[in-house]
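# Summary of the model geometry
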Protein chains: 2
Amino acid sequence: MSISSQYYPDEPSAPTVNTTVIPGPVSQKAIADLGKVFDSRTVYFVADYEKSLGNYISDVDGNVYLDLYAQIASIALGYNNPALIKAAQSPEMIRALVERPALGNFPGKDFESLLSKILKVAPPGQDKVWSGLSGADANELAFKAAFMYYQQKKRGYSTEFTPEEEYSCMQNQSPGSPQLAVLSFERAFHGRLFATASVTRSKPIHKIDLPSFNWPKAEYPSYKYPLSKYEKENKQEDDRCLAIVENLIKTWEFPVAALIIEPVQSEGGDNHGSSYFFQGLRDITLQNDVVMIVDEVQTGVGATGKLWAHEHFNLSPAPDLVTFSKKFQSAGYWFHDDKFIPNKTYRQFNTWCGDPARMIIAGAIAEEIVKHDLVEHTAKVGDYIYNGLAKLADKYPKDIQNLRGKATFIAFDLESQNDRDNFLYQLKLNGVNCGGCAENSVRLRPTLTFENKHADIFLAAVDNVLSAKRQ
Amino acid sequence: MSISSQYYPDEPSAPTVNTTVIPGPVSQKAIADLGKVFDSRTVYFVADYEKSLGNYISDVDGNVYLDLYAQIASIALGYNNPALIKAAQSPEMIRALVERPALGNFPGKDFESLLSKILKVAPPGQDKVWSGLSGADANELAFKAAFMYYQQKKRGYSTEFTPEEEYSCMQNQSPGSPQLAVLSFERAFHGRLFATASVTRSKPIHKIDLPSFNWPKAEYPSYKYPLSKYEKENKQEDDRCLAIVENLIKTWEFPVAALIIEPVQSEGGDNHGSSYFFQGLRDITLQNDVVMIVDEVQTGVGATGKLWAHEHFNLSPAPDLVTFSKKFQSAGYWFHDDKFIPNKTYRQFNTWCGDPARMIIAGAIAEEIVKHDLVEHTAKVGDYIYNGLAKLADKYPKDIQNLRGKATFIAFDLESQNDRDNFLYQLKLNGVNCGGCAENSVRLRPTLTFENKHADIFLAAVDNVLSAKRQ
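An account of the accompanying structure is given in this report.

Rules used throughout
- Residues numbered from 1 in each chain as written.
- Chains lettered and ligands numbered in written order.
- Predicted model: local features only at pLDDT ≥ 70, side-chain atom pairs only at ≥ 80, totals over all residues.
- Heavy atoms only, no water.
- Helix = DSSP H or I, 4+ residues; strand = E, 2+ residues; numbered from the N terminus.
- Rg over C-alpha atoms; globule rule 2.2 N^0.38 Å.
- Buried < 20%, exposed > 50% of the residue type's maximum accessible area, 1.4 Å probe, protein only.
- Contact = heavy atoms within 4.5 Å.
- Areas by Shrake-Rupley, 256 points an atom, 1.4 Å probe, with all protein chains shown as cover.
- Lys, Arg positive; Asp, Glu negative; His and termini not counted.
- Charge placed at Lys NZ, Arg CZ, Asp CG, Glu CD.
- Phe/Tyr/Trp six-rings, centres within 6.5 Å; stacked < 30°, edge-to-face > 60°.
- Lys NZ or Arg CZ within 6 Å of the ring centre and 35° of its normal.
- Salt bridge = Lys/Arg side-chain N within 4 Å of Asp/Glu carboxyl O.
- Least-squares fit on C-alpha atoms with pLDDT ≥ 70 in both.
- Pairing = 2+ DSSP bridges.
- Axes fitted to C-alpha atoms, helices over the stretch in contact; angles between N-to-C directions.
- Parallel < 35°, antiparallel > 145°, perpendicular 65-115°, else oblique.
- Left-handed = near helix turned anticlockwise from the far one by under 90°.
- Nonpolar A, V, L, I, M, F, W, Y, C, P; charged D, E, K, R; others polar.
- Polar contact = N/O pair within 3.5 Å; in protein donor to acceptor, adjacent residues only side chain to side chain.
- Expected span 1.5 Å × (residues − 1).
- Arc of directions from axis to C-beta.
- 1 Å grid on protein atoms, 1.4 Å probe; cavity = no way out; pocket = protein on both sides within 12 Å on 5 of 7 lines; lining within 4 Å.
- Points joined across faces, edges and corners; volume = space filled by probe spheres on them.

### As for the overall build of chain A
Check the secondary structure of chain A and you find 15 helices and 16 strands. Its C-alpha atoms give chain A a radius of gyration of 23 Å, near enough to 23 Å, the size a compact globule of 471 residues would have. Structurally, chain A occupies a C-alpha span of about 70 × 55 × 45 Å along its principal axes. Among the 471 residues that make up chain A, the fraction classed as buried is 65%. Residue pairs at least 24 apart in sequence account for 73% of intrachain contacts in chain A once pairs closer than 6 positions are excluded. Working note: accessible area of chain A is about 15,700 Å², and carbon and sulfur atoms make up 51% of it. Between the averaged position of the 49 positive side-chain charges in chain A and that of its 57 negative side-chain charges there is a distance of 1 Å.

As structure tokens, then:
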């Protein structure tokens, strides 16, 4: 019995679109009403989550779409998943919602077992966690851990702060507020708070008008596809990019304390890096005592055919800090070395230190993924989608360019941004909700319960849209 | 019938402490276990939320404390509140937890009515909201709105970004990444992310080793108490501090785009500002076109005897942006002027744009506060506590200094940090959980369902601890 029929016996067998435009008239009215109190200009349609099920999302006009965007890559199992509904109705959840604890001061008696449940799906080598609220929050918390570690190492772990450090930090001046950098990569996306916006390098719209830190930007490799054909050229590209990283670390005007990188640059265009490149970075960070932060906010939780995408690289030793959010619903960073616990209390701290309600959902997601082998399942379905798209790429070579991906974490490029935007709109009219990334890419981010039968519907819709375009 | 007996007919009539040390042995073991996977060094005790009720929190050793700290000022109504339990069990909540939407792209059909429910308790003059996840997040989102507004005003709201702006922001350089400041105040606390840590000025422990922005710090008035006796001196202090603010705005090496201030500086020591001071700031911000951000993260939601503490000041016009979190459980900023909606979409944006599960709790809290007149109730109970403490201050003038407060948002100072820490520990052994702020202050942050009968228990415990100390 297939995974989606186990979870969703009543899942629709096909999408239905009744309106001639999207958003339809009911959505349009709802968007206008919402716009009076909230910025609703970016709303694609107003959803009816009561009627959404499994891999299908419904809107208030009665349209039902096969969903390959899944709340910007944030739904692991599908809509109205019975195991998650059970978790949401549990007494632990009611308490987490009503008695939201300050987890650093007054954690509940369930907290340790909840964390242990979550840690069962931590990346290889990681056995501790610090919790946050979103991907950007997770990354900034990781930066804090990295900066504190970096300065403690210089100062001596058990050495007291000097009066000069204490005084100067209150003036936002060095040495207490040191000039230290986080290195990131061209086209990276790590969030939209101020430190995370400083390492985000994908689009001006995320950054313009925001004060930022003067931190270095390296190049993420740009490969030629298919990878098997261009092995030599791509290795040269890796070496070129590694040399840039090393040079920036050695020559930046102040110390580079940390490096942050996505295993696959997601918002920036689904750009893949090789194992060779990532192991090279691991070596450079070790040699230069730079903290290596792997941002698994979008790539984590199974979609690449590994639970955590950097498992594809067999990094040794494991990265220092690995951040997570999105499909895990909860957020934070994994780590393994106690040196990333600050020397004094209340340095890495805040009122809530995460949200136990979201951690309960994360625990339930983790349990379901293991129980149903959903990562392996996703690897197989990914191959099926990839092969289907490869055939369509032969048929429509201008519209499906640079096909790339691991498992269902697949992307391809159209000729222009306008082409891509039209393609996504036409897909919606054909009953498929899908997302874009970079300027002219399409990214697939289905749930882990997506199956070949759903892939067939998606591939038929792509074929339909592209053949209509050519007529 | 009293409010707590309506909500909590089975609330304990008094605290019980069975252990001779806190944390007790069972908590100690749980803290050690938790410490293997999470930084548990700051845990006071491990709570049993199943057994906590109303204004009483239980721990795993069977101790039951009257709680005047309430999860670092974050519990509005008390533990296991039946109205919140009902909200937590609602079908809307189940959906919000299981189908967490990307609210900017695919909001659910309930979202607009949920926001409208929340907006019913917005501060005077505010009728729009942008949602976030924590107090620090809310403040950084407000900074983004302020910076975008500030640059748009210079550029022209509908003027396109220049290629130079687009290019330079990707390098983290001006003019795309401009040098702009947020002015804050000595002893302020606004959060621990990077931009918020830059405006936080209460303690080195929050700031040390973190890179920060070179932003100006003004002085928050330091009044002489009682206020009625020192009117003239305190007005002079207001004028002195206002002049510093105006001077910093006019002379800082780059433009001050925004000012952020707490109506009562909370973490920094419960320092109060007068209406005169706040209206002066409102005038200065208007005259200099600086965005005025009022941080109501800790002061908001009723504890000062107004729903929002800055209502005490009758500010005219209303502040530009008002941030909230903590007792409201949901977070974000209120605003009223469309000029704070960025000229282009996806500038103020992120994956989740808040958490509808927490917004549902906020909506239920708002409804209960209005239904039971809990703000007025809190004002009365606050007077009762204040008068009781004033009597104890006469009895123990060295241990209850500078008594100050509005409603139940009350604080006083002990002679030293050591004295204060011992006092709080002894209070716990006497069955009262209470918190500190600044170096030597005690802050009361009970729920809005705290009553005179609870105050009597608290006051007796204070008397008991202080009389034992003097023996």
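### Description of the environment of A:Pro175
Residues and elements named next belong to chain A. In this fold, Pro175 is placed in the loop between helix H8 (163-170) and strand S4 (181-185). Overall, the relative accessible area of 26% leaves Pro175 in the partly exposed class. Taking the C-alpha atoms as reference points, Pro175 and Glu164, 11 residues apart in sequence, are found 7.4 Å from one another. Other than its neighbours up to four places away in sequence, Pro175 contacts Gln151, Glu164, Glu165 and Ser168.

### Examining the packing of aromatic side chains
Going through the model one piece at a time under the given rule, you end up with 61 aromatic pairs over all chains. Judged by centre distance (5.8 Å) and plane angle (75 degrees), the rings of A:Phe147 and B:Phe194 are edge-to-face. Of this pair, A:Phe147 sits in helix H7 (residues 135-155) while B:Phe194 sits in helix H9 (residues 194-199), placing the two residues on different chains. With respect to class, A:Phe147 is no different from B:Phe194; both count as buried. When the centroid spacing of 6.1 Å and the interplanar angle of 55 degrees are considered together, the rings of B:Phe147 and B:Trp215 count as tilted. Linking B:Phe147 in helix H7 (residues 135-155) with B:Trp215 in the loop between H9 and strand S5 (217-218), this pair joins segments that are 68 residues apart in sequence. Each member of the pair B:Phe147 and B:Trp215 is classed as buried. What links up through ring pairs into an aromatic cluster is the set A:Phe143, A:Phe147, A:Phe194, A:Phe213, A:Trp215, B:Phe143, B:Phe147, B:Phe194, B:Phe213 and B:Trp215. If you follow A:Lys344 out to its NZ or CZ, it ends over the ring of A:Phe161, 5.8 Å from the centre. A cation over a ring is seen here: A:Lys428 above A:Tyr44, with NZ or CZ 4.4 Å from the ring centre.

### Topic: the pattern of salt bridges
Under the definition given, this model contains 72 salt bridges over all chains. Of the charged contacts, one joins A:Asp48 and A:Lys51 as a salt bridge, the two residues approaching to 3.9 Å between their closest N and O atoms. The class of A:Lys51 is exposed, set by a relative accessible area of 62%. Linking B:Lys339 and B:Asp337 is a salt bridge whose minimum nitrogen-to-oxygen distance equals 3.9 Å. Look at B:Lys339 and you get partly exposed, because its relative accessible area is 31%. Given the relative accessible area of 29%, B:Asp337 is considered partly exposed. Look at the salt bridges and you will find they share partners, linking A:Asp48, A:Glu50, A:Lys51, B:Arg95, B:Lys109 and B:Asp110 into a network.

### A look at the relation of the copies chain B and chain A
In screw terms, the move from chain B to chain A is a rotation of 180 degrees and a rise of 0.0 Å along the axis, fitting with an RMSD of 0.0 Å. Between the two chains, the operation in question is that of a two-fold axis. Both copies share a contact surface, since 100% of the interface residues of chain B are interface residues in chain A too.

### What to know about the sheet that holds strand S11 (residues 331-335) of chain B
Strands belonging to one sheet form pairs held by backbone hydrogen bonds; the direction of such a pair is parallel or antiparallel. Residues and elements named next belong to chain B. Spatially, S3-S11-S10-S9-S6-S4-S5 is the arrangement adopted by the 7 strands of the open sheet, whose pairing is mixed. Here the strands that pair on one side only, and so sit at the sheet edges, are strand S3 (128-132) and S5. In this sheet, S11 lies alongside strand S10 (residues 321-324) in antiparallel orientation, the contact comprising 4 bridges. When the bridges of S11 are listed, Phe324 appears paired with Gly332.

### Examining the packing of helix H13 (residues 374-395) of chain B against helix H15 (residues 452-470) of chain B
Helix packing for two helices is described by the angle between their axes and how far apart those axes are. Residue and element names in this part refer to chain B. Taken N-terminus to C-terminus, the directions of H13 and H15 make an angle of 15 degrees; their axes are 10 Å apart at the nearest point. Here H13 lies roughly parallel to H15, going by the angle between them. Between H13 and H15 lies a crossing whose hand is right-handed. Where H13 abuts H15, its residues Val381, Tyr384, Ile385, Gly388, Leu389, Leu392 and Lys395 lie against Asn452, Ala455, Asp456, Phe458, Leu459, Val462 and Asp463. Grouping the amino acids of the contact of H13 with H15 by side-chain chemistry returns 9 nonpolar, 2 polar and 3 charged.

### Some remarks on the interface of chain B and chain A
At the junction of the two partners, chain B supplies 119 residues and chain A supplies 119 residues. Our enumeration of links across chain B and chain A arrives at 12 salt bridges. Between A:Lys109 and B:Asp48 there is a salt bridge whose closest N-O contact spans 3.2 Å. There are 71 residue pairs in polar contact (both at pLDDT 80 or more) connecting chain B and chain A. By residue class, the composition of the side of chain B that touches chain A is 59 nonpolar, 30 polar and 30 charged.

### A few points about helix H15 (residues 452-470) of chain A
Residue and element names in this part refer to chain A. Between its first and last C-alpha, H15 extends 27 Å over 19 residues, near the 27 Å set by a 1.5 Å rise per residue. All buried positions along H15 are accounted for by His454, Ala455, Phe458, Leu459, Ala461, Val462, Val465 and Leu466. Projected down its long axis, H15 shows its buried positions confined to an angular sector of 160 degrees, all on one face. In this structure, the buried residues of H15 make contact with helix H1 (3-7), strand S1 (56-58), strand S2 (64-67), helix H13 (374-395), helix H14 (417-429) and strand S14 (432-433).

### Digging into the environment of B:Gly132
All names here are of chain B. Within the fold, Gly132 resides in strand S3. Through-space distance from the C-alpha of Gly132 to that of Asn350 is 9.4 Å; in sequence the pair is 218 residues apart. If near-sequence neighbours (up to four positions away) are discounted, Gly132 is found in contact with Asp137, Leu141, Ala331, Gly332, Gly354 and Asp355.

### Points about the pairing of S3(B)
Residues and elements named next belong to chain B. Within S3, 5 of the 5 residues are buried, which leaves it mostly tucked inside the rest of the structure. For S3 and S11, the ladder comprises 5 bridges, and the chain directions are antiparallel. Each residue of the ladder has a partner; that of Trp130, found in S11, is Tyr333.

### Brief notes about empty space enclosed by the protein
If you roll a probe as big as a water molecule over the atoms, it shows you where there is empty space left. According to the stated counting rule, one finds 9 cavities of 30 Å³ or more in the structure shown. Taken as a whole, the largest cavity spans an internal volume of roughly 100 Å³. Forming the boundary of the largest cavity are 16 residues, of which A:Arg100, A:Leu133, A:Asp355, B:Leu133 and B:Asp355 lie nearest the centre. Per-class residue counts for the lining of the largest cavity are 4 nonpolar, 6 polar and 6 charged.

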